[in-house]
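Remarks on the overall topology
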Amino acid sequence: MEEIFFSSSPEETEAIGRTMAKRAKPGDIFLFEGTLGIGKSVLIRGMAKEFGITETLLSPTFTLVNEYEGKVKFYHFDLYRLDEPFELYEIGFEEYVYSEGISCIEWASKCGDLLPDEGIKVNITLEAEKRKISVLWKD
């Protein structure tokens, strides 16, 4: 099922992230796509807040993944600087995404063959000066 949201501000984008998190279940994998600066990290920050994470969510651009403790384990991946998908083996990617935590993967298409089939696809685009957030739930 596809769900569409529109956002005009970072605050609205964060609120949409909280709404998405309310529907998430342990073990869910969110696959984010969208251009640089479109709001992927803001959306993920909203999700983290809904899971009770009080730490400031920083984009893990230079470390590939940040791990947070909340109501569930929360893993935030940013693959923007990933050169080759095989580098994901070095960080134990599969152990993260196939756990009971919630995984949010920015630039998910860079996973190559490691891209989880069962992921929830989230695409953010700009449409009429608003961000269009399309969520393709696996249910």
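Below: a short report on this structure. (Residues numbered from 1 in each chain as written. Predicted model: local features only at pLDDT ≥ 70, side-chain atom pairs only at ≥ 80, totals over all residues. Heavy atoms only, no water.)

**Remarks on helix H2 (residues 40-50)**
- Within H2, eight of the 11 residues are buried, leaving the element largely enclosed by the surrounding structure.
- Turning to H2, its buried residues are Lys40, Val42, Leu43, Ile44, Gly46, Met47, Ala48 and Glu50.
- For H2, the elements touching its buried residues are helix H1 (10-23), strand E2 (29-33), strand E4 (73-78), strand E5 (102-106), strand E6 (120-127) and strand E7 (130-136).
- Residue Gly52 follows H2 closely and has a positive phi angle near 85°. (Buried < 20%, exposed > 50% of the residue type's maximum accessible area, 1.4 Å probe, protein only. Helix = DSSP H or I, 4+ residues; strand = E, 2+ residues; numbered from the N terminus. Contact = heavy atoms within 4.5 Å.)

**What about the packing of H1 against H2?**
- It is at 7 Å that the axes of H1 and H2 come closest, and there the two elements cross at 50°. Looking at the two axes, H1 sits oblique to H2. As for the relative orientation of H1 and H2, their crossing is right-handed in sense. Along the contact surface, H1 presents Pro10, Thr13, Glu14, Ile16, Gly17, Arg18, Met20, Ala21 and Lys22, while H2 presents Val42, Leu43, Arg45, Gly46, Met47, Lys49 and Glu50. (Axes fitted to C-alpha atoms, helices over the stretch in contact; angles between N-to-C directions. Parallel < 35°, antiparallel > 145°, perpendicular 65-115°, else oblique. Left-handed = near helix turned anticlockwise from the far one by under 90°.)

**Details of the pattern of salt bridges**
- Scanning all chains against the criterion turns up eight salt bridges.
- Two residues, Asp28 and Lys138, come together in a salt bridge whose shortest N-O distance is 3.0 Å. Of the two residues, Asp28 sits in the loop between H1 and E2 while Lys138 sits in the segment after E7, which places them 110 residues apart along the sequence.
- Exposure remark for Asp28: the relative accessible area of 2% places this residue in the buried category.
- Between Glu67 and Lys73 there is a salt bridge, and its shortest N-O distance comes to 3.0 Å.
- Owing to a relative accessible area of 32%, Lys73 belongs among the partly exposed residues under this scheme.
- Several salt bridges share partner residues, and in doing so they unite Glu14, Arg45 and Lys49 into one network. (Salt bridge = Lys/Arg side-chain N within 4 Å of Asp/Glu carboxyl O.)

Nothing here speaks to function; it is all geometry.
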